[in-house]
Amino acid sequence: MGVLSLVRRGDPAAPVPARRPLRSAGARPGDELVFLAWGAVRGRSVEIARALGGEAVSLYAPGAGRRPHVAWRYLHGAVATAWRLRRRPGFVIVTSPPIVAGLVAYGCGRLLGFPVALDSHPGAFGAQGDELSRRLLPLHRHLARRVAFSMVAAEPWAEIVTAWGGRPVVVHEAPMLGPLPRPPLVERLRVLYVGRFA
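Let me sum up the structure you'll find in this document. (Residues numbered from 1 in each chain as written. Predicted model: local features only at pLDDT ≥ 70, side-chain atom pairs only at ≥ 80, totals over all residues. Heavy atoms only, no water.)

**Observations regarding the packing of helix H3 (residues 70–85) against helix H4 (residues 99–112)**
Where H3 meets H4, the axes come as close as 10 Å, and the angle between the chain directions of the two elements is 30°. By the angle between their axes, H3 is roughly parallel relative to H4. H3 and H4 meet at a crossing whose hand is right-handed. Counted together, Tyr74, Ala78, Thr81, Ala82 and Leu85 of H3 and Val100, Val104, Ala105, Cys108 and Leu112 of H4 form the full contact between these two elements. Taken together, the residues that form the contact of H3 with H4 break down as nine nonpolar, one polar and no charged. (Axes fitted to C-alpha atoms, helices over the stretch in contact; angles between N-to-C directions. Helix = DSSP H or I, 4+ residues; strand = E, 2+ residues; numbered from the N terminus. Parallel < 35°, antiparallel > 145°, perpendicular 65-115°, else oblique. Left-handed = near helix turned anticlockwise from the far one by under 90°. Contact = heavy atoms within 4.5 Å. Nonpolar A, V, L, I, M, F, W, Y, C, P; charged D, E, K, R; others polar.)

So, in C-alpha cells, the structure goes:
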C-alpha cells in the first residue's frame, strides 16, 4: 500500500516531484493528467491535480438553484466525461461517489487506452449516510480491482480496498496553510474558574 502526501516545500507553484503511484500505474512523464469530479466542489481535485501537474475538471449538470433529477445528472455526466476524455489523456483520476463516474471513465480508458484511478471518498464506501453508494458497493468493489489504484484518505479504507483485491494509495489531506481567521468577539471574554490555587 502506498502513501502519497501532498505537502509542499519551497515554491507553492512547483508540482510535487514524487509521482511514483502514477508511473507505476502506467503513466509516462509528460502525459496529461486529468482529475475528474462529477460535483460542484472542486477543492481536493484541484489541489491534487495541480500538485501532480495536471488539470482538474468538474462536471455537474447546469442549473440555477434546483438540482436536476439524478438520471439527468448521470446522463449529462456520462456524455460530458466521454466528450472530455475523447482526447486520450495520459492518466485519469476520477472521484467516487458517484461510482457511475468511475465506471464511465474506466470504460473510456479501456476503449481509448489510458489508465484510470479512483479517488474513493468515505461516502463511496457507504459511510456518512450515503445510502446509494452503500447499495452500489458491489460495483465499487468490482471497479477497485480493475483500476490502476484507489486513492483513499485513511488506513481503514485502504484495508477495505486491499480486501477487495485492489491497490490502495493513502492520500492525506494537505493541511490548510496560513493562520485561521479569528472569530469576532461580541463582548469581553469572561472566565469562571472553579477550584483552589493552593
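**Thoughts on the nonpolar core**
With 18 residues, the main nonpolar core has Leu36, Leu85, Val92, Val94 and Val116 as its most contacted residues. Every element with two or more residues in this core is listed here: strand E2 (33–37), strand E4 (91–96), H4 and strand E5 (116–120). The contacts of leucine 85, once residues within four sequence positions are left out, are Val34, Leu36, Val92, Ala105, Cys108, Leu112 and Phe114. Counting 14 residues, the second largest nonpolar core, distinct from the first, contains Phe35, Leu52, Phe91 and Ala148. (Core = buried A, V, L, I, M, F, W, Y, C linked by side-chain atoms within 4.5 Å. Buried < 20%, exposed > 50% of the residue type's maximum accessible area, 1.4 Å probe, protein only.)

**Examining helix H7 (residues 155–164)**
When H7 is considered as a whole, its buried residues turn out to be Ala158, Val161 and Trp164. Buried residues in H7, looked at end-on, bunch into an arc of 120°, giving them a common side. Turned more than 90 degrees off the buried face of H7, the exposed positions are Pro156, Glu159 and Ala163. Elements in contact with the buried residues of H7: helix H6 (137–144), strand E6 (150–152) and strand E7 (168–172). (Arc of directions from axis to C-beta.)

**Describing the pattern of salt bridges**
In this structure the tally under the stated criterion is four salt bridges. The closest approach of N and O atoms between arginine 84 and glutamate 32, which form a salt bridge, is 2.8 Å. With arginine 84 in helix H3 and glutamate 32 in the loop between helix H1 (20–24) and E2, this residue pair connects regions lying 52 residues apart in the sequence. A relative accessible area of 34% places glutamate 32 in the partly exposed class. (Salt bridge = Lys/Arg side-chain N within 4 Å of Asp/Glu carboxyl O.)

**Observations concerning the pairing of E7**
Taking burial as the measure, the five residues of E7 include four buried ones, the bulk of the element. When E6 meets E7, the two strands line up parallel, connected through three bridges. If you follow valine 152 over to E7, its bridge partner there is valine 170. As for the winding sense of the linkage, the β-α-β connection from E6 through H7 to E7 is right-handed. (Pairing = 2+ DSSP bridges. Right-handed = clockwise from strand over helix to strand, strands pointing away.)

**Here's the deal with H6**
Listed in full, the buried residues belonging to H6 are Leu137, His140, Leu143 and Ala144. Buried residues of H6, viewed axially, fall in a sector of 125°; they line one side. Residues of H6 that are buried in the fold lie against H4, E5, helix H5 (131–135), E6 and H7.

**Some words on unusual backbone geometry**
Here the bond from serine 96 into proline 97 is cis, since omega is 15°, no more than 30 degrees from zero. Along the chain, proline 97 connects to proline 98 via a cis peptide bond; the corresponding omega equals 0°. Among the secondary structure elements, proline 98 is positioned in the loop between E4 and H4. Despite not being glycine, arginine 88 has its phi angle at roughly 55°, a positive value. Secondary-structure assignment places arginine 88 in the loop between H3 and E4. Of note in this structure, glutamine 128 is not a glycine but carries a positive phi near 60°. Within the fold, glutamine 128 resides in the loop between E5 and H5. By relative accessible area, glutamine 128 is classed as exposed at 69%.

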